[in-house]
Amino acid sequence: MTRYFALLALLISTAVAGCSAPTEKSDAPAPAATAPSSSSSAPANQVHDGRAIEITGNDTMKFSVTEIVAKPGEKLSVTLVNIGTTPKFSMGHNWLLLASGVDIQPFLVASAEAVTTDYVPRATNGGKILAATKLLGPKERDTVTFTAPTTPGRYEFLCSFPGHYQVGMRGVLIVQ
Ligand SMILES: [Cu+2]
């Protein structure tokens, strides 16, 4: 009986996922064993050779890591894993690292309006966003490799899905 319901739930969630993201190409089935930290969707020429940092995000809108300390110019590979179960359209997560001096409130407003670009405001990409993962649905992961700023300081990171920053989905990269 339990098995039956588990299967039913799986079928329903699969159907819901299929409906909610009709334009997305289907992802490969998740491997049972833990895969290397490289992103499954990364281009072949992209090598994630920075210091690996894995951050999980969940349905309570919290990052598992809220502080990262790095040396100036250090190469980092941040992997975000969405360990929640709520569908992406209502509970997607991403990881954006902002340049210092970004005025956060206007940035959040612009993010919330950037529906067609997964809540990443294109107009501010010029220098405000230093690194970003894709917006992830449940059980998805993505890795971004980047070089930490060479200027020591505190650089804010956040999930730009509407409302998540306000609930606490944010942290800081400390370059020292
Ligand atoms: Cu989020």
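Everything here concerns the structure above.
Quick caveat, the model's predicted, so the values are computed rather than measured.

Peer 1: In this structure, what is going on with the pairing of strand 3 (residues 75–82)? I would like to understand it.
Peer 2: Consecutive side chains of a regular strand alternate in pointing toward one face of the sheet and then the other. Judged by how many residues are buried, strand 3 sits mostly within the fold: seven of eight residues are covered. Note: strand 1 (residues 51–57) against strand 3, seven bridges, orientation parallel. Residue pairing for strand 3: Ile55 is matched across the bridge by Leu80. When strand 3 meets strand 6 (residues 141–147), the two strands line up antiparallel, connected through seven bridges. If you follow Ser77 over to strand 6, its bridge partner there is Thr145.

Peer 1: Could you clarify how one ought to interpret the coordination of the copper ion in this entry?
Peer 2: Each pair of donors in an ideal octahedron of six around a metal sits at 90 or 180 degrees, and each pair in an ideal tetrahedron of four sits at 109.5 degrees. Protein coordination of the copper ion is provided by His93 (ND1), Cys159 (SG), His164 (ND1) and Met169 (SD), with donor distances spanning 2.1 to 2.6 Å. Here the donor residues of the copper ion share one chain and are spaced in sequence as H-x65-C-x4-H-x4-M. Separated by 66 residues along the polypeptide, His93 in the loop between helix 2 (88–91) and strand 4 (96–98) and Cys159 in the loop between strand 7 (153–158) and helix 4 (164–167) bring together distant segments of the chain. Across this residue pair, the class does not change: His93 and Cys159 are buried.

Peer 1: I would appreciate a short explanation of the side chain of Ser111 in the present structure.
Peer 2: Following the sequence through the fold, Ser111 ends up in helix 3 (residues 104–113). Of the residues examined, Ser111 reaches a relative accessible area of 0% and is grouped as buried. Setting aside residues up to four positions removed in sequence, Ser111 forms contacts with Tyr119, Pro121 and Ser160.

Peer 1: What should I look at first to understand the sheet that holds strand 1 in this one?
Peer 2: Where strands meet in a sheet, backbone hydrogen bonds hold them as pairs that are either parallel or antiparallel. Spatially, three strands are ordered 1-3-6 in an open sheet, and the strand pairing comes out mixed. With partners counted over all chains shown, the strands left at the sheet margins are strand 1 and strand 6, one partner each. With strand direction ignored, the average angle separating the axes of adjacent strands in the sheet is 20°.

Peer 1: What should I look at first to understand the pairing of strand 2 (residues 67–70) in this one?
Peer 2: Side chains of strand 2 alternate between two faces, with Ile68 and Ala70 buried and Glu67 and Val69 left unburied. Here four bridges tie strand 2 to strand 8 (residues 170–175), and the two strands are oriented parallel to one another. In the strand pairing of strand 8, Ile68 is matched with Leu173.

Peer 1: What exactly am I supposed to notice about the pattern of salt bridges here?
Peer 2: For side chains of opposite charge, pairing can occur when their charged atoms come near one another. In the structure shown here, the tally under the stated rule is three salt bridges. The shortest N-O distance in the salt bridge between Lys75 and Asp49 comes to 2.8 Å. Taken together, the residues Lys75 in strand 3 and Asp49 in the loop between helix 1 (2–20) and strand 1 connect sequence positions 26 residues apart. Linking Glu54 and Arg141 is a salt bridge whose minimum nitrogen-to-oxygen distance equals 3.6 Å. Note that Glu54 is positioned in strand 1 and Arg141 in strand 6, a separation of 87 residues in sequence. Here Arg141 falls in the partly exposed class, since its relative accessible area comes to 31%.

Reading the values: rules and limits
- Residues numbered from 1 in each chain as written.
- Predicted model: local features only at pLDDT ≥ 70, side-chain atom pairs only at ≥ 80, totals over all residues.
- Heavy atoms only, no water.
- Buried < 20%, exposed > 50% of the residue type's maximum accessible area, 1.4 Å probe, protein only.
- Helix = DSSP H or I, 4+ residues; strand = E, 2+ residues; numbered from the N terminus.
- Pairing = 2+ DSSP bridges.
- Donors = N, O, S within 2.8 Å, 3.2 Å for Na, K, Ca; no water.
- Contact = heavy atoms within 4.5 Å.
- Axes fitted to C-alpha atoms, helices over the stretch in contact; angles between N-to-C directions.
- Salt bridge = Lys/Arg side-chain N within 4 Å of Asp/Glu carboxyl O.

Just distances and angles here, no functional claims.
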